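Chains, contacts and geometry: an overview
Okay, here's what each chain looks like letter by letter:
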Amino acid sequence: MSYDASNIFAKILRGEIPCTKVYEDEFALAFKDIHPQAPVHILVIPKGPYVSHDDFIGSAPDEEIAGFERAVGKTVAAAGVINDGYRLIANCGVNAHQEVPHYHIHIVGGADLGPMLAKPAK
Ligand code: 5GP
């Protein structure tokens, strides 16, 4: 799947639509999810044009991968969820119901999140 620069997160990165920013550095932008599914629900996106985790890991330079991972960690710390626990989610592709084709990590927390999946996949 090739990268579509008209996706909503690309527009947020270009400043064409607003977001509630939580953290930003040269590698990543973190902002609140518009439809939060937990008291804390933040999205962290790389600044480069990657569709999914496999695209990112396969195409991005090591410096960018390390920088992005550190940005996720800094965002988790800024969100204040380390002591009580949190979950990182990366939906990739059709089976995972990925909606936005720009790689992103969901940080969710602030409450008991329940089991990993709502119901077991068959
Ligand atoms: P996915 O299913 O691709 O892993 O998740 C995409 C996420 O992006 C969803 O949780 C959705 O609520 C969020 N989202 C979609 N459009 C926007 C937007 O315009 N602004 C923000 N902040 N979040 C969005």
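To keep things clear, this report deals only with the structure shown in the data block. Note that the coordinates shown come from a computational prediction; the quantities given were computed from them, not determined experimentally. (Residues numbered from 1 in each chain as written. Predicted model: local features only at pLDDT ≥ 70, side-chain atom pairs only at ≥ 80, totals over all residues. Heavy atoms only, no water.)

**Focus on a nonpolar patch on the surface**
Under the convention used in this document: Only residues whose relative accessible area exceeds 30% and that take part in no salt bridge are eligible for patches, with like-charged residues grouped when within 9 Å of each other and nonpolar side chains (Val, Leu, Ile, Met, Phe, Trp, Tyr) grouped when within 5 Å. Every accessible area reported is derived by Shrake-Rupley at a probe size of 1.4 Å, with residue values counting cover from the shown protein chains alone. Basic side-chain nitrogens of Lys or Arg form a salt bridge, by our definition, when they fall within 4 Å of a carboxyl oxygen of Asp or Glu. The secondary structure listing takes helices from DSSP runs of H or I that are at least 4 residues long and strands from runs of E that are at least 2 residues long, numbered from the N terminus.
Taken together, the side chains of Ile82, Tyr86 and Leu88 make up a nonpolar region of the molecular surface, amounting to roughly 280 Å² of accessible area. Mapped onto the secondary structure, Ile82 falls in the loop between helix H3 (62–79) and strand E4 (86–89).

**Points about the nonpolar core**
For clarity, the cut-off: For the purposes of this section, nonpolar cores are sets of buried Ala, Val, Leu, Ile, Met, Phe, Trp, Tyr and Cys residues that join through side-chain atoms within 4.5 Å. Exposure classes here rest on a 1.4 Å probe applied to the protein chains alone. A residue is buried below 20% of its type maximum, exposed above 50%, and partly exposed in between. Contact definition: two residues touch when any of their heavy atoms are within 4.5 Å.
Judged by nonpolar contacts, the single largest core of 18 residues is most densely connected at Val44, Phe56, Phe68, Val72 and Tyr103. At the level of secondary structure, the elements contributing two or more residues to this core comprise strand E2 (28–32), strand E3 (40–46), H3 and strand E5 (105–109). Counting residues per element, this core draws most heavily on H3, at five residues. Apart from residues no more than four positions distant in its own chain, Val44 is found in contact with Ala28, Leu29, Ala30, Phe68, Val72, Thr75, Tyr103, His104, Ile105 and Ile107. Within the second largest apolar cluster, seven residues are counted, among which are Phe9, Ile12, Ile45 and Val100.

**A word on unusual backbone geometry**
As a rule of thumb, non-glycine residues mostly have phi less than zero, and peptide bonds are mostly trans rather than cis. With a phi close to 60 degrees, His97 is a non-glycine residue in the positive phi region. Its location among the elements puts His97 in the loop between E4 and E5.

**Quick notes on the site of the ligand**
Rule in force here: Proximity is defined per residue: if any heavy atom of the residue lies within 4 Å of a molecule or strand, that residue is considered near it. Within 3.5 Å is the distance limit for a polar contact, defined as a pair of N or O atoms, with the added protein rule that one can donate a hydrogen and the other accept it, and that residues adjacent in sequence qualify only through two side-chain atoms. Both site types are read off a 1 Å grid over the protein atoms alone. A 1.4 Å probe that fits but cannot get out defines a cavity, while an open set with protein on both sides within 12 Å along at least five of seven lines defines a pocket; lining residues have an atom within 4 Å of a point. Any molecule with more than half of its atoms within 2 Å of a cavity's or pocket's grid points is regarded as sitting in that cavity or pocket.
Taken together, 16 residues form the shell around the ligand, and within it Lys32, Asp33, Glu99, His104 and His106 come nearest. Measuring from a nitrogen atom of the ligand, one finds a backbone N or O atom of Lys32 at 2.9 Å. Counting atoms within 2 Å of the grid points, the majority share of the ligand lands in the largest pocket. Put simply, the parts of the chain that give the shell around the ligand at least two residues each are helix H1 (8–13) and E2. Here the shell around the ligand takes three residues from H1, the largest share from any one element.

**As for the sheet that holds E4**
Paired through backbone hydrogen bonds, the strands of a sheet run either parallel or antiparallel to each other. What counts is decided by this rule: Note on pairing: DSSP must find at least two bridges between two strands before they are called paired. Comment: axis = line fitted to C-alpha atoms, over the contacting stretch for helices; angle = value between 0 and 180 degrees taken between N-to-C directions.
Pairing within the open sheet is antiparallel, and its five strands lie in the order E1-E2-E3-E5-E4. Every other strand in the sheet has two partners, leaving strand E1 (21–24) and E4 as the edge strands with one partner each. Looking at each pair of strands side by side, their axes are set apart by 20 degrees on average, direction ignored.

**Overview of the layout of surface pockets**
Counted only if it meets this: Grid points are joined across faces, edges and corners, and a volume is the space filled by probe spheres set on the points.
The volume enclosed by the largest pocket comes to roughly 1,200 Å³. Those elements that place two or more of their residues in the lining of the largest pocket are H1, E2, E3, E4 and E5. A volume near 160 Å³ is recorded for the second largest pocket. Taken together, Met1, Val51, Ser52, Asp54, Asp55, Cys92, Gly93, Val94, Gln98, Glu99, Val100 and Pro101 make up the full set of residues lining the second largest pocket.

**Let's talk about the pattern of salt bridges**
Applying the stated criterion to the full structure yields three salt bridges. Linking Arg14 and Glu16 is a salt bridge whose minimum nitrogen-to-oxygen distance equals 2.7 Å. For Arg14, a relative accessible area of 45% puts it in the partly exposed group. Given the relative accessible area of 49%, Glu16 is considered partly exposed. Here Glu24 ties to Lys47 by a salt bridge, and the two come within 2.7 Å at their closest N and O atoms.

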